[in-house]
Amino acid sequence: MPGICSIDTFGISILKGEMTSKTTKERRRKESRLLRAAQYSDLDTTDPDVEPPPGSVLADHAALSHNNTHSRFPRFYVDQVVICRNCGTEEIWPADRQKWWYEVAKGNINTTAILCRKCRGKDET
Ligand SMILES: [Zn+2]
């Protein structure tokens, strides 16, 4: 039966996936995250009509009040693609790290990551 056959194929491909090295899986995961982030790049995160997509992190406007700006605050953060100005590496600036930067480290809302983690010389930001 074709149905059973395709289930078998699926089972085998899952098994193969589990056998690939951690590095390969890690790279694939990173690549798909980059693709997703690229799709979000023209999303207006301040627009009240825009639904926060999966993987986004909601913003806390009280925590953003240090910003002396008339522009609207983002309602949520989504993963951003950063192309490092130093080495050209494409990297994700994850939504939760953006929240940390703007709301905990009190970074200015108009600032954005321009260097990859390696060129910033630390892993934790
Ligand atoms: Zn770099």
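So, how was this worked out
Residues numbered from 1 in each chain as written. Predicted model: local features only at pLDDT ≥ 70, side-chain atom pairs only at ≥ 80, totals over all residues. Helix = DSSP H or I, 4+ residues; strand = E, 2+ residues; numbered from the N terminus. Buried ≥ 20, exposed ≤ 12 C-beta atoms within 10 Å, placed from the backbone. Contact = placed C-beta atoms within 7 Å. Pairing = 2+ DSSP bridges. Expected span 1.5 Å × (residues − 1). pLDDT = per-residue confidence, 0-100.

**Here's the deal with the overall build of the protein chain**
At step 1: The helix and strand inventory of the protein chain stands at four helices and four strands.
At step 2: Its helices and strands in sequence order give the protein chain the pattern α-α-β-β-β-β-α-α, from N to C terminus.
At step 3: The burial tally for the protein chain puts 12% of its 125 residues in the buried class.
At step 4: Contacts in the protein chain between residues at least 24 apart in sequence constitute 60% of all its contacts with a sequence separation of at least 6.

**Quick word on unusual backbone geometry**
Generally, phi is negative for residues other than glycine and the peptide bonds are trans, each holding for most cases.
At step 1: Residue Lys 106 is not a glycine yet carries a positive backbone phi of 55°.
At step 2: Secondary-structure assignment places Lys 106 in the loop between α3 (95-104) and α4 (117-120).

**Side note on the environment of Pro 52**
At step 1: If you trace the backbone, Pro 52 turns up in the loop between α2 (22-40) and β1 (57-58).
At step 2: Residues Pro 52 and Arg 75 lie 23 residues apart in sequence; the distance between their C-alpha atoms is 8.1 Å.
At step 3: The residues contacting Pro 52, other than those within four sequence positions of it, are Leu 58, Arg 75 and Phe 76.

**Describing the pairing of strand β3 (residues 80-83)**
At step 1: The pairing of β3 with strand β4 (residues 90-93) spans four bridges and is classified as antiparallel. From the neighbouring strand, Ile 83 faces β4, where its bridge partner is Glu 90.
At step 2: What sits between β3 and β4 in their antiparallel hairpin is a turn of six residues, with Gly 88 showing a positive phi close to 80°.

**Quick notes on the environment of Asp 96**
At step 1: With respect to the helices and strands, Asp 96 occurs in helix α3.
At step 2: By C-beta crowding, Asp 96 is classed as exposed, having 12 other C-beta atoms within 10 Å.
At step 3: C-alpha of Asp 96 to C-alpha of Ala 59: the two residues are 37 residues apart in sequence and 9.7 Å apart in space.

**Examining α2**
At step 1: When the terminal C-alpha atoms of α2 are compared, their 27 Å separation across 19 residues agrees well with the 27 Å that a helix rising 1.5 Å per residue should span.
At step 2: Across the 19 residues of α2, one count as buried, placing the element largely on the outside.

**Points about the confidence of the model for the protein chain**
At step 1: Model confidence for the protein chain is summarised by a mean pLDDT of 85, while 81% of its residues fall at 70 or above.
At step 2: Confidence over residues 1-9 falls short of pLDDT 50; this stretch has zero contacts with residues more than four positions distant or in other chains.

**As for the environment of Arg 75**
At step 1: Tracing the backbone through its elements, the reader meets Arg 75 in the loop between β1 and β2 (76-77).
At step 2: Accessibility expressed as a C-beta count within 10 Å gives 17 for Arg 75, which makes it partly exposed.
At step 3: For the pair Arg 75 and Val 50, spaced 25 residues apart in sequence, the C-alpha separation works out to 9.2 Å.
At step 4: In contact with Arg 75, not counting residues within four places along its chain, are Thr 45, Thr 46, Pro 52 and Ala 59.

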